[in-house]
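# Survey of secondary and tertiary structure
The chain contents come next:
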Amino acid sequence: MDLQKIIPYRKMSLKELLIPENKFMAFVAVALTALFLIGVGIYLVHGHHAYGVTRQHPWGLLIAVYIFFVVSSTGLCIVGSFGDVFGFKDYMSVSKRAIFGSIVTILAGFAVIAFEIGHPVRMMIYNVLSPGLTSAIWWMGTLYGIYLTFMIIEFIFLVRNDMKRAKVAGLIGLLVGLAAHSNLGGVFGFLNARVVANGVFYPTYFILTAFITGIYLIFLMYGYKYRGQDFPSDIAKALTNFMKIQGLLLAILMFFETWKMLTGVYGGMPERADVIMHILHTKSFWLGEVLCGMVIPFVLILATKGSAIKKMVWASFIGMIGIFYMRYDLVHDAQLFPMQTLKIREYQLPPSFVEYFPSSTEIMIGIGGVGICLILYYLGTKLFDLDTMPEHH
Amino acid sequence: MARYGMALDYKNCINCKACEVACKEENGILLGADKHRIWVGVKEIEGEFPLLSIASNTFMPSQCQQCDNAPCQEVCPTHATYYDENGVVRVDPDKCILCSYCMNACPYDARYVDDRTVTVDKCNFCSDTRLARGETTTACQATCPTKVRIFGDLDDPESELSQVLREREHFTLKTHLGTEPKLFYLI
Ligand code: SF4
Ligand code: SF4
Ligand code: SF4
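Everything in this summary refers to the structure shown in the same document. (Residues numbered from 1 in each chain as written. Chains lettered and ligands numbered in written order. Predicted model: local features only at pLDDT ≥ 70, side-chain atom pairs only at ≥ 80, totals over all residues. Heavy atoms only, no water.)

## Considering the site of ligand 3
Residues and elements named next belong to chain B. Around ligand 3, the structure places C23, N27, R37, I38, Q63, C123, N124, F125, C126, T138, A139 and C140. Taken together, the elements giving at least two residues each to the shell around ligand 3 come down to helix 1 (18-27) and helix 4 (139-143). Residue classes in the shell around ligand 3 are distributed as seven nonpolar, four polar and one charged. (Near = heavy atom within 4 Å. Helix = DSSP H or I, 4+ residues; strand = E, 2+ residues; numbered from the N terminus. Nonpolar A, V, L, I, M, F, W, Y, C, P; charged D, E, K, R; others polar.)

Printed below as a string of structure tokens:
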């Protein structure tokens, strides 16, 4: 079987493939991946004891990092779909790179979650043999598996310049991806016992923030590619449009957040108001989520009327830090309130919120995931032509 | 085929923690503060001396509520958590993938990770120890010096449990969540 026939790639020697043009990024990617491997080594020896997770805070940093990556993937899928699925010409030039990005980010996410789930192999077996159809995790996992398959198929067709088939695969991938991603929100939204997480907020918020993340990432990918030079006109046009869309999306997000906090605090309902007040007193919310994730990029977009696409690359970097905090906080916040109420007495305010801080092993695997993502992305840029798109209309 | 439940005459609890020890011993639960199927909640005395509220100082023994509509079962992606033929919520360690979703979903913090199997564990009414041997009491019940626990079949109207639930007022915990606990606190 000739791989070249299935997916046309650039033929090159291993040496060519492994010599990067940017030594610094190569170093970062390899160093982070090394951290990942060290972390995994420690985990394989000590299991979850190497993590900071506890009985009352069973989900930690790695769940947050997993969400961070799959949000990125869904976002890039949405961004990429503008061109090749919906056929908007202005966005066509970024489709292939965005779709490739969505594949590498979800692969990095899977790599990380494999070391958080206690028995990933067993998961694949029993997900099929005894599916728990009432479980949001089952749906999320299964749908993401299907999603990844279709994203790969879409990418293959894109590389083969078969736009018709790419469009079909892309549409299915997008729809399944949106379903998968809102199910991930549902994983939290379904938790009746966790008042701050329960409800419609997370499933919708996940889709909104995915879109926002996708736009940040597309800026980062092109900002990196065209560092120190001007964007080609077609890319510049797509990015300018995305920057304006981002302004709108960030405004919606701030509106959502405001009302989430207001309804959370209003009336002082136990387990909800106190948790929200606690969140409102954390730096990670104000500096991480609000300042980095929303305000700085939003101010730049407003101040420049959405035209400063070079500056937006930096704002997107800051934005991604904010996005990370959003993921981390949402996992942590959902578990803040101790369920041990009974161990004190029902409806009695517990003495303290549940504390958690990631262990060094979790941190190594978590940021190591970024290394995996960078290496996969690098290989993609070397092996495939991620830029030229056929004029198909 | 039964529908097992338990009543707790919780005001009789003297916080001796014999049930915690008996459960560990009978079911081989590993040592460690986090590793427990059963616990006694202590509420400290309120107020400033000499105006101490003695009434506020209570002990609340508890364990998995064996919910009839169990969130932990609902969220389990592989059916590792299931209702057995006696209505007991059990975990099948061969199927549990340790996603910890159930630990997050349980409103009562009844679940923990068992390092023997590296899966989630919780009270199962001694189903694979005492009940499997044909006994009719649980370890925590048998050991209790003040007879706090009454274990039995809710479907059998003649059982001691059914009788006491007919005769005495009782409540369940976090009833508003719709989990339909089968642990009843006697007033
Ligand atoms: S108390 Fe918790 S672990 Fe026990 S059945 Fe109910 S939800 Fe499940
Ligand atoms: S940790 Fe095990 S029992 Fe709990 S939800 Fe996951 S697979 Fe089911
Ligand atoms: S019924 Fe058995 S397993 Fe459950 S808490 Fe009592 S002793 Fe432990």
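## Focus on the environment of M60(B)
Residues and elements named next belong to chain B. The residue M60 is located in strand 3 (residues 59-63) in this model. Note on M60: relative accessible area 1%, which makes it buried. With 46 residues separating them in the primary sequence, M60 and I14 have C-alpha atoms 9.6 Å apart. (Buried < 20%, exposed > 50% of the residue type's maximum accessible area, 1.4 Å probe, protein only.)

## Looking at the site of ligand 2
The environment of ligand 2 is formed by C76(B), P77(B), T78(B), A80(B), T81(B), C96(B), I97(B), L98(B), C99(B), S100(B), C102(B) and V120(B). Its residues assigned to classes, the shell around ligand 2 comprises nine nonpolar, three polar and no charged.

## Some details on the sheet that holds strand 1 (residues 4-8) of chain B
All names here are of chain B. Judged by pairing direction, the sheet is mixed, and its four strands sit side by side in the order 8-1-10-9 without closing on themselves. Looking at which strands have only one partner, the edges of the open sheet turn out to be strand 8 (149-153) and strand 9 (170-171). Helix 5 (residues 160-167) contacts strand 1, strand 8, strand 9 and strand 10 (183-186) of the sheet and is inclined by roughly 115° relative to strand 8. (Pairing = 2+ DSSP bridges. Contact = heavy atoms within 4.5 Å. Axes fitted to C-alpha atoms, helices over the stretch in contact; angles between N-to-C directions.)

## Here we look at the nonpolar core
Generally speaking, a soluble globular protein has its nonpolar side chains buried in company with each other. Residues and elements named next belong to chain A. Core analysis: the biggest nonpolar cluster contains 160 residues, and F188, I218, F219 and F242 have the highest contact counts within it. Tallying contributions element by element places helix 4 (residues 61-84) first for this core, with 16 residues. Excluding its chain neighbours within four sequence positions, the residues that come into contact with F242 are V79, F82, Y91, V94, I215, I218 and F219. Residues V196, M261, V290 and F337 belong to the second largest nonpolar core, which totals 11 residues. (Core = buried A, V, L, I, M, F, W, Y, C linked by side-chain atoms within 4.5 Å.)

Interpretation in functional terms is not warranted from these geometric data alone.
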